[in-house]
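# Tertiary structure, described
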Amino acid sequence: MVGTRLDEIDRKILAELQADGRMTNVELAKRVGISAPPCLRRVRTLEEAGLIRGYHADVNARELGFEVQVFAMVGLDSQAEVELRAFEERCRNWPLVRECHMLNGEVDFILKCVAPDLSSFQQFLTGELLTTPNVASVKTSLVIRGAKDEPGVPFDVLEARLNRSA
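What you see is a predicted model, and the numbers here were worked out from it, not measured in a lab.

Analysis parameters
Residues numbered from 1 in each chain as written. Predicted model: local features only at pLDDT ≥ 70, side-chain atom pairs only at ≥ 80, totals over all residues. Heavy atoms only, no water. Helix = DSSP H or I, 4+ residues; strand = E, 2+ residues; numbered from the N terminus. Rg over C-alpha atoms; globule rule 2.2 N^0.38 Å. Buried < 20%, exposed > 50% of the residue type's maximum accessible area, 1.4 Å probe, protein only. Contact = heavy atoms within 4.5 Å. Lys, Arg positive; Asp, Glu negative; His and termini not counted. Charge placed at Lys NZ, Arg CZ, Asp CG, Glu CD. Salt bridge = Lys/Arg side-chain N within 4 Å of Asp/Glu carboxyl O. UniProt positions renumbered as here; feature names shortened; annotations may be inferred. Axes fitted to C-alpha atoms, helices over the stretch in contact; angles between N-to-C directions. Parallel < 35°, antiparallel > 145°, perpendicular 65-115°, else oblique. Nonpolar A, V, L, I, M, F, W, Y, C, P; charged D, E, K, R; others polar. Polar contact = N/O pair within 3.5 Å; in protein donor to acceptor, adjacent residues only side chain to side chain.

## What about the overall build of the chain?
On a plain count of helices and strands, the chain comes out with six helices and four strands. For the chain, the α and β elements follow one another from N to C terminus as α-α-α-β-α-β-β-α-β-α. A globule of 166 residues ought to have a C-alpha radius of gyration of about 15 Å, yet the chain, at 20 Å, is considerably larger. For the chain, the spread of C-alpha atoms along the three principal axes comes to 55 × 40 × 25 Å. Here the chain holds 166 residues, and the buried ones make up 29% of them. Partitioning the contacts of the chain with sequence separation of at least 6, the portion at a separation of at least 24 is 63%. Here the chain contributes 21 positive and 25 negative side-chain charges, whose respective centroids are spaced 6 Å apart.

Following this line, the structure appears as structure tokens:
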């Protein structure tokens, strides 16, 4: 399903659930203007199609003792597909790495990491990341504060784009 193949109700369902994944199906149905049974069928269809990948709590990392957030820019010696996949698999297995994105340009990957303190991150950096096969360089930037952390996609932009093309 692509944005243009979703009808307005499906897009409203996605926008509402993105904003509040805990609402009941009855509340969701009311917000999007349909009854509960077809709303639930639509939600299940969106889940099965992979447009809804899951439901998550937005936890406060600092309140849970993860005081340090770091972005690590990683350069690899080889960008052969087998090497890229091996690095991605390692990242999936490192608990401190919360996000891993392959990039185009000077840096091959950017990792978003969290740690309880600087010494824990340093242990990960020197004991794990820097010693990983094929890692050529790592540059890190410590987050001072976050200004925006908005999950998902901007549905208002999608709607505006669809309205222009209609």
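## Looking at the pattern of salt bridges
Oppositely charged side chains may form a pair once their charged atoms are brought near each other. The final tally for this structure, using the stated rule, is eleven salt bridges. A salt bridge links arginine 42 to aspartate 7, with the shortest nitrogen-to-oxygen separation between them at 2.9 Å. Placement of the pair is arginine 42 in helix α3 (residues 36–48) and aspartate 7 in the segment before α1 (8–19), with a sequence separation of 35 residues. In this structure, glutamate 159 and arginine 11 form a salt bridge, with 2.3 Å as the shortest nitrogen-oxygen distance. Taken as a pair, glutamate 159 in helix α6 (residues 155–165) and arginine 11 in helix α1 lie far apart in primary sequence, 148 residues in all.

## Observations concerning the UniProt feature "domain: HTH asnC-type" (unreviewed entry) in the chain
As annotated in UniProt, the feature "domain: HTH asnC-type" (unreviewed entry) corresponds to residues 6–67 in the numbering used here. Spanning residues 6–67, this segment combines 53% helix with 0% strand, and its end C-alpha atoms are found 41 Å apart.

## Some remarks on unusual backbone geometry
With phi around 80°, asparagine 134 is a residue other than glycine that occupies positive phi space. Locating asparagine 134 in the fold gives a position in the loop between α5 (118–129) and β4 (135–142).

## Some words on the packing of helix α2 (residues 25–32) against α3
The contact between α2 and α3 brings their axes to 9 Å, and the two run at 100°. By the angle between their axes, α2 is roughly perpendicular relative to α3. On α3, the residues touching Asn25, Val26, Leu28, Ala29 and Val32 of α2 are Ala36, Cys39, Leu40 and Val43. Of the residues assigned to the contact of α2 with α3, the class counts are eight nonpolar, one polar and no charged.

## Focus on the side chain of aspartate 108
You can see aspartate 108 is positioned in the loop between β2 (97–102) and β3 (109–115). Among buried charged residues, aspartate 108 stands out as having no salt bridge; its nearest opposite-charge side chain is lysine 139, 12 Å away. At 2.6 Å, the side chain of aspartate 108 and the backbone nitrogen of leucine 76 are in polar contact. Once residues lying within four places of it in the same chain are set aside, the contact partners of aspartate 108 are Val74, Gly75, Leu76, Gln79, His101, Met102 and Leu103.

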